[in-house]
Amino acid sequence: MRAIHPVDLLPPGKTAKIPHASLLSPVFNRLHPSPETLLLILSLVIGGVTGAGVVTFHYLIHLIHALMLEDFMGVISSSGSWTLACIPTLGGVVIGLMRWRFRDFGPNMSSLIAATRGLQELSPLKPITKMVAASVSLGTGASLGPEAPSVEIGANFGMLLAQVLQLSPERQRLLLGAGAAAGLSAGFNAPIAGVFFALEVVLGSTFATSSVSVVLLAAVVSALVAQICLGSQPAFAVPVYDVRSPLELPFYMGLGLLASIVSLVYTEAIQLAERCFQGKVPGFGWLGQLPRPIHPIIGGACVGLVALVLPQVLGVGYETVQAMLQDVEFSLPLLLELLFVKLAVTAISLGSGLVGGIFAPAMFLGASLGSAYGIFLTMVPALGDHVAGPPAYAMVGMAAVLAGSARAPLTAILLMFELTRDYRIVLPLMAAVGLSVWLVECVNRRSQAHSLNLQQMGVDVAVNEPLKAREQLQDWEDALGDRIVTELISCQLPIDEEQDGDEPVLAMANAHLPENVKPLSETKSAV
């Protein structure tokens, strides 16, 4: 049996920091609330604060957008149309200065999840810094979305509460999931999708039935706050879905196939852009030699130059998506051009260090693909009168590309349903999403690459997957229970001083064994 270091284990000699004694702990101890009552109260607090944070984030984006792309652009536009490229470049300058000043913008979701499992030391939380950086990036036209910062606003606050109250790792992870659900719920005005996002992605297979109520309450309160401040209307106004024929379902399956290809290309493009800016791609080594604060300036300049030709790629892109859903006339060549250019610009934005998420760009790509696919079907003489219009395929394409990119099919289906609020689209939606995700999984089955937006948001799917060491200890798990193996993997792996090489050995700590299990002497694996 070979012991393998799990990802992001703390180096030897270091342990995760334990928060200082909380001032609130004596208060709760005196009130003696049950653990379930305390978690429900905390979920209400997380939902309310996250909702307020997301509302502030959205107002900040609109404020910066108005100042830069309306007021400032109105002053400099007299010099020529080329001045449009100055706005994203200026945003990159601000982000570069922030990266030079703060070095990093705080832990991502992957780091937060790892910290709750004792696998990684938690770096200082900086939700305000990341929120401001994302507002500047999106407000000045970076080709990204607002969902990642929205999720991290809630996740950071949930983790902060868990630290202040000195809760157990399991409850820390539960509050982390509640915060993530609240962030997505308020960010998209989609509480159901927010709940499933937390259960499907953040908590994974670790949640219990009692966890659902905590996540539900946080998502509902957060969505309520966002609806009061931002309005309750759906993100997109869609036309009535036209069901022409049940035989149309295979065409949606074809769209799912194309969506899986776009998702895979999207994944590779983002990873390629990140490697380019790290100097790991031949011909781009010079980028890796530049100071990191220079990268956002390069990314912003690239976005600005492309926007001179295709201004639709600027920013979140919801206006363009709305036009596609309203059947505004787009030519087939223009839709394909928007598809490939938006994909490239989003990859450059992320790789250069601009801040934002990629749910929104994925939906832009899906809408472009679906609209182009629908236009192509209407051009076929035998199909023109038997298929729905391009907006229907645009809606399905949005969910299929999002699901294939994020590997979160339930979240994608429910998110699209809540955004459109049209139940009749669910059947073709499920068919296309299911095929898209299945094909992506088949292609990546042997690959170490993980989902796009989840990585960007910091949600690394590997954190929720069994580790190799856990798989190799399956016999131990069956005999001694899940808790022992979990503690085994979470503990620090000592190095045998008498053994040659740097490979780790595995030690079993008797302190973690239940009382009814006979303690074992320290056992070292044969390597």
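Residues numbered from 1 in each chain as written. Predicted model: local features only at pLDDT ≥ 70, side-chain atom pairs only at ≥ 80, totals over all residues. Heavy atoms only, no water.

Chemist: What is the right way to read the overall build of the protein chain from this model?
Modeler: Of the regular secondary structure elements, the protein chain holds 22 helices and 0 strands. Evaluated residue by residue, the protein chain yields a buried proportion of 51% over its 527 residues. On the protein chain, roughly 23700 Å² of surface is accessible, and the fraction owed to carbon and sulfur atoms is 64%. (Helix = DSSP H or I, 4+ residues; strand = E, 2+ residues; numbered from the N terminus. Buried < 20%, exposed > 50% of the residue type's maximum accessible area, 1.4 Å probe, protein only. Areas by Shrake-Rupley, 256 points an atom, 1.4 Å probe, with all protein chains shown as cover.)

Chemist: Help me understand a nonpolar patch on the surface in this model?
Modeler: On the surface, a nonpolar cluster with roughly 430 Å² of combined accessible area is contributed by Trp82, Leu305, Leu308 and Val309. Position of Trp82 relative to the elements: it lies in the loop between helix H2 (35–76) and helix H3 (86–102). (Patch = residues over 30% accessible without salt bridge, like charges linked within 9 Å, V, L, I, M, F, W, Y side chains within 5 Å. Salt bridge = Lys/Arg side-chain N within 4 Å of Asp/Glu carboxyl O.)

Chemist: Sorry if this is basic, but what is going on with unusual backbone geometry here?
Modeler: Glycine aside, residues mostly have negative phi angles, and peptide bonds mostly take the trans form. The residue Arg407 is not glycine, and still its phi comes out positive at about 55°. Structurally, the position occupied by Arg407 is in the loop between helix H16 (390–406) and helix H17 (409–420). The exposure class of Arg407 is buried, given its relative accessible area of 18%.

Chemist: Is there a simple way to think about the packing of helix H10 (residues 249–277) against helix H15 (residues 359–379) in this case?
Modeler: A packed helix pair is summarised by two numbers, namely the angle formed by the two axes and the spacing between the axes. Contact geometry of H10 with H15 gives a least axis separation of 10 Å together with a crossing angle of 140°. Our classification of the angle between H10 and H15 gives oblique. Crossing handedness for the pair H10 and H15: right-handed. Within the contact between the two elements, H10 uses Phe251, Gly254, Leu255, Leu258, Ala259, Val262 and Tyr266 and H15 uses Pro361, Ala362, Leu365, Leu369, Gly370, Tyr373 and Leu377. (Axes fitted to C-alpha atoms, helices over the stretch in contact; angles between N-to-C directions. Parallel < 35°, antiparallel > 145°, perpendicular 65-115°, else oblique. Left-handed = near helix turned anticlockwise from the far one by under 90°. Contact = heavy atoms within 4.5 Å.)

Chemist: What am I meant to see in the UniProt feature "transmembrane region" (unreviewed entry) in the protein chain here?
Modeler: Taking the UniProt record as the reference, the feature "transmembrane region" (unreviewed entry) is found at residues 38–61, 81–100, 211–230, 251–273, 293–318, 330–352, 358–380 and 392–417. Taken end to end, residues 251–273 is 100% helix and 0% strand, and its two terminal C-alpha atoms sit 33 Å from one another. As annotated, residues 293–318 has a helix share of 54% and a strand share of 0%, and its two end C-alpha atoms lie 29 Å apart. (UniProt positions renumbered as here; feature names shortened; annotations may be inferred.)

Chemist: Please clarify how the environment of Leu402 should be interpreted in this entry.
Modeler: Its location among the elements puts Leu402 in helix H16. When the C-alpha atoms of Leu402 and Leu415 are compared, they prove to be 9.9 Å apart, with 13 residues separating the residues in sequence. With sequence-adjacent residues up to four places away left out, Leu402 is seen in contact with Phe359, Ala362, Met363, Arg407, Ala412 and Leu415.

Chemist: Help me out: how do you make sense of helix H12 (residues 295–307) in this one?
Modeler: Note on helix geometry: an α-helix contains 3.6 residues per turn, so any two residues three or four positions apart are oriented the same way. Taking 1.5 Å of rise per residue, 13 residues should cover 18 Å, and H12 covers 18 Å from first to last C-alpha, within 8% of that figure. Regarding H12, the residues found buried are His295, Pro296, Gly299, Gly300, Val303, Gly304 and Ala307. Among the structural elements, H3, H10, helix H11 (285–289) and helix H14 (332–352) are those in contact with the buried residues of H12. (Expected span 1.5 Å × (residues − 1).)

Chemist: Looking at this structure, I do not really get the packing of aromatic side chains. What am I missing?
Modeler: The description of an aromatic ring pair rests on the distance of the ring centres and on the angle between the ring planes. On inspection of all chains with the given rule, the structure shows 2 aromatic pairs. Pairing Tyr252 with Tyr393 gives two aromatic rings, centres 4.5 Å apart and planes at 15°, and the pair type is stacked. Taken together, the residues span a long stretch of sequence, with Tyr252 in helix H10 and Tyr393 in helix H16 at a distance of 141 residues. Here Tyr252 matches Tyr393 in class, with each residue buried. Measuring from ring centre to ring centre gives 5.6 Å for Tyr373 and Tyr393, while their planes differ by 65°; the resulting arrangement is edge-to-face. Residue Tyr373 is located in helix H15, and its partner Tyr393 is located in helix H16; the two are separated by 20 residues in the primary sequence. Just as Tyr373 is buried, Tyr393 falls in that class too. In textbook terms, an aromatic cluster arises when at least three aromatic residues are bridged by ring pairs, as seen for Tyr252, Tyr373 and Tyr393. Positioned above the aromatic ring of Phe102 is the side chain of Arg101, whose terminal nitrogen or guanidinium carbon lies 5.2 Å from the ring centre. (Phe/Tyr/Trp six-rings, centres within 6.5 Å; stacked < 30°, edge-to-face > 60°. Lys NZ or Arg CZ within 6 Å of the ring centre and 35° of its normal.)

Chemist: What should I look at first to understand helix H6 (residues 147–164) in this one?
Modeler: For H6, built from 18 residues, the straight-helix expectation of 26 Å at 1.5 Å per residue is met to within 8% by its first-to-last C-alpha distance of 26 Å. With 14 of 18 residues buried, H6 lies mostly within the body of the structure. Directly beyond the C-terminal end of H6, a positive phi value near 55° is found at Gln166.

Chemist: Teacher, can you tell me more about the environment of Ser137 here?
Modeler: On the secondary structure map, Ser137 appears in helix H5 (residues 127–139). The buried category is assigned to Ser137, whose relative accessible area is 1%. Separated by 43 residues in sequence, Ser137 and Val94 place their C-alpha atoms 8.7 Å apart. Once you skip the residues sitting within four places of it in the chain, Ser137 turns out to touch Ile95, Ala142, Leu354 and Val355.

Chemist: What exactly am I supposed to notice about the nonpolar core here?
Modeler: Across soluble globular proteins, nonpolar side chains show a tendency to be buried alongside one another. Counting 100 residues, the largest nonpolar core has Met109, Leu176, Phe188, Tyr393, Met398 and Leu415 as the members making the most contacts within it. Per element, the largest residue contribution to this core is 12 residues, and it comes from H16. Counting contributing residues per domain, this core is built from domain 1 (34–230) and domain 2 (247–457), each supplying no fewer than three. In contact with Tyr393, other than residues within four places in its own chain, are Glu248, Phe251, Tyr252, Leu255, Gly370, Tyr373, Gly374, Leu377, Val387 and Ala388. One finds Leu175, Ala178, Ala181 and Ala182 within the second-largest nonpolar core, a separate group that totals 21 residues. (Core = buried A, V, L, I, M, F, W, Y, C linked by side-chain atoms within 4.5 Å. Domains from an automatic or database assignment.)

Chemist: What's the story with the pattern of salt bridges in this structure? I'm lost.
Modeler: Once the charged atoms of two side chains with opposite charge are near each other, the side chains can pair. Across all of its chains, the model carries 2 salt bridges by this definition. For Lys130, the salt bridge identified is with Glu152, shortest N-O distance 3.0 Å. Of this pair, Lys130 sits in helix H5 while Glu152 sits in helix H6, placing them 22 residues apart in sequence. Here Glu152 falls in the buried class, since its relative accessible area comes to 4%.

Chemist: How should I be thinking about the packing of helix H13 (residues 318–325) against H16 in this particular structure?
Modeler: It is at 8 Å that the axes of H13 and H16 come closest, and there the two elements cross at 135°. Taken together, H13 and H16 sit at an angle that is classed as oblique. Contact with H13, carried on its side by Val321, Met324 and Leu325, involves Pro391, Ala394, Met395 and Met398 of H16 and no other residues of that element. When the residues that make up the contact of H13 with H16 are grouped by side-chain class, the tally is 7 nonpolar, no polar and no charged. (Nonpolar A, V, L, I, M, F, W, Y, C, P; charged D, E, K, R; others polar.)

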